[in-house]
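# Geometric and topological summary
Letter by letter, the chains look like this.
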Protein chains: 2
Amino acid sequence: MTPKIIVFDAYGTLLNVNALDGLLEHHFGDAGTEISAIWRSKQLQYTWLRTLMERYKPFSSVTMEALDFACNSLKLKLTEPIKEELLHSYLQLEAFPEVRPVLMQLQEQAQLAVLSNADHAMLEGAINHNKLTNVFAEVLSADAIGHFKPRKEVYQLACDAFKCLPTEILFVSSNTWDVVGAKAYGFQVAWLNRFNNTPDHLGYREDLIIKELSELVVSS
Amino acid sequence: MTPKIIVFDAYGTLLNVNALDGLLEHHFGDAGTEISAIWRSKQLQYTWLRTLMERYKPFSSVTMEALDFACNSLKLKLTEPIKEELLHSYLQLEAFPEVRPVLMQLQEQAQLAVLSNADHAMLEGAINHNKLTNVFAEVLSADAIGHFKPRKEVYQLACDAFKCLPTEILFVSSNTWDVVGAKAYGFQVAWLNRFNNTPDHLGYREDLIIKELSELVVSS
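It should be emphasised that the depicted structure is a prediction, and the values quoted were computed from it without experimental measurement.

Cut-offs applied
Residues numbered from 1 in each chain as written. Chains lettered and ligands numbered in written order. Predicted model: local features only at pLDDT ≥ 70, side-chain atom pairs only at ≥ 80, totals over all residues. Heavy atoms only, no water. Disulfide = S-S within 2.5 Å. Buried < 20%, exposed > 50% of the residue type's maximum accessible area, 1.4 Å probe, protein only. Contact = heavy atoms within 4.5 Å. Buried area = accessible area lost by both parts, 1.4 Å probe. Salt bridge = Lys/Arg side-chain N within 4 Å of Asp/Glu carboxyl O. Polar contact = N/O pair within 3.5 Å; in protein donor to acceptor, adjacent residues only side chain to side chain. Helix = DSSP H or I, 4+ residues; strand = E, 2+ residues; numbered from the N terminus. Domains from an automatic or database assignment. Least-squares fit on C-alpha atoms with pLDDT ≥ 70 in both. Pairing = 2+ DSSP bridges. Axes fitted to C-alpha atoms, helices over the stretch in contact; angles between N-to-C directions.

## Some points on the state of the cysteines
Residues and elements named next belong to chain A. All chains considered together, the criterion is met by 0 disulfides over all chains. Between Cys159, a cysteine without a disulfide, and Cys164, which holds the nearest cysteine sulfur, the sulfur-to-sulfur distance is 4.6 Å. Accessibility expressed as a relative area gives 4% for Cys159, which makes it buried.

## Examining the interface of chain B and chain A
Between chain B and chain A, the contact holds 30 residues from the first and 30 residues from the second. When the buried surface of chain B facing chain A is broken down by residue, B:Leu52, B:His201 and B:Leu202 rank first, second and third, together holding 25% of it. The partner of B:Lys152 in a salt bridge is A:Glu54, with the nearest N and O atoms 3.0 Å apart. The tally of links between chain B and chain A comes to 16 residue pairs in polar contact (both at pLDDT 80 or more). Put simply, the parts of the chain that give the side of chain B that touches chain A at least two residues each are helix 2 (32–53), helix 3 (59–73) and helix 8 (176–185) of chain B. If you tally residues by element for the side of chain B that touches chain A, the top one is helix 2 of chain B, at 9 residues.

## Concerning the side chain of B:Ser141
Residue and element names in this part refer to chain B. With respect to the helices, strands and loops of the structure, Ser141 is situated in strand 3 (residues 138–141). A distance of 2.6 Å separates a polar atom in the side chain of Ser141 from the backbone oxygen of Ala118. Discounting residues that sit within four places of it in the chain, Ser141 has contacts with Ser116, Ala118, Asp119, His120, Leu123 and Leu157.

## Details of the domain arrangement of chain A
Where interface size is given, it is often the accessible area lost as the parts come together that is meant. All names here are of chain A. The domain architecture assigned to chain A consists of domain 1 (5–16 + 94–216) and domain 2 (21–90). For domain 1 and domain 2, the distance between their C-alpha centres works out to 23 Å. Listed as interface residues are 15 residues of domain 1 and, on the opposing side, 13 residues of domain 2. For the domain 1 and domain 2 pair, buried surface summed over both sides reaches about 1,200 Å², with 66% attributable to carbon and sulfur atoms. It is Tyr11, Met122 and Phe148 in domain 1 that bury the most area against domain 2; as a group they hold 45% of the surface buried on that side. On inspection of domain 1 and its partner domain 2, the count reaches 0 salt bridges.

## A look at the relation of the copies chain B and chain A
What connects the two chain copies is a rotation about an axis and a shift along it. You can overlay chain B on chain A at an RMSD of 0.0 Å; the transform is a turn of 180 degrees with a shift of 0.0 Å along its axis. In the structure described here, the two chain copies are related by an operation that fits a two-fold rotation axis. Taken as a fraction of all interface residues of chain B, those also at the interface in chain A reach 100%, which identifies the copy contact as same-surface.

## A look at the sheet that holds strand 5 (residues 188–192) of chain B
All names here are of chain B. One open sheet holds the 6 strands; their spatial order is 3-2-1-4-5-6, and the pairing between them is parallel. The open sheet is flanked by strand 3 and strand 6 (208–210), the only strands paired with a single partner. For this sheet, the mean angle separating the axes of adjacent strands, direction not counted, is 25 degrees. Here strand 1 (residues 5–8) pairs with strand 2 (residues 111–116) via 4 bridges, running parallel. By the bridge assignment, Ile5 is partnered in strand 2 with Gln111. Packing of helix 6 (residues 120–129) onto the sheet brings it into contact with strand 2 and strand 3, and relative to strand 3 it is tilted by some 140 degrees. Where helix 7 (residues 152–162) meets the sheet, it contacts strand 1, strand 2, strand 3 and strand 4 (169–173), and its direction lies at approximately 150 degrees from that of strand 2.

See below:
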């Protein structure tokens, strides 16, 4: 299969959600790693719960509420200046090192897009920061419909944008639950499993497992 | 407020989801506690994800899929006999010690009900095992509608059963996300916070925090 349209999840897949661990350690010492883990886990949980409750808020707000929870649960004080610094850094989250060179190659063989839970301001911030402008034909956000993944309407945004069938799209994600949701929707799915994670037991599996993004490049 | 209808969440609230820790330690040694934590966390996650994806399966199936994940993620072999023993034990999960005596008192002052994600077979098993038959006017299961909490349709089951308004019901849960979901739906909500947990940051808070169920008993 050489897909003509490749759609990427952003956070955890292109962008390194652990890129702020150093900053967290700077402010909170040894608790930094623990904050980071709780923060990410609650961020996801809150996207799911808000969608289930029909109480949507943009990803940037959910992200900060999850950070509040993480610090509260560890009895750590989160001052406004530190909170603002973390949010600001989150808007400029680092991509994994291989992302830019591999996407530059991939755009020669397929149309590329991002499909993310994040709102446009966050996505544009990260795309600009990582010099990925012009790489993507489409930057699609769950914010357009006010639900988060894995609601099928979010995945549908990609088919609407490219006027194509789900099976014509290769969706790439590192998040196991997103792999399942995308497969349940009907995409071809590649699981980018950089860190040897365990697949979810939810009745759907990826079509392809890759360890590195560069495995998607077709050699000429 | 002396509510005339009190509706309880089951798992974690009346039933001790850590009651199998001893059995897990018996089979898996020191990894038992870690299995237990991952199992519970994935069980919840899978209820949310399946509801979001519209791929409902009964709670008993989701529970076993979460156990499969927990063992896989720790590279532990889960044999069929151990799996069956754990499932069987889960169907007879122990209530917290105070539950039976307090519910016997509470049924003198209000109509009592259970509203749970679990399917009826699981709920009936646990209710019989803990000698709580006849205590509840209603045993309501998310299985009746094929969605899990915090979808509002699940909470609605209680209002339908008692033909009442949400505000006429006091809903009691130990699960912070369930407290939020129930409050967003419109119940009066008591958070039974036995273990000094951190509240969720999701825009809704309980009306009342109790440390023990007995705080609901109105002294005559």
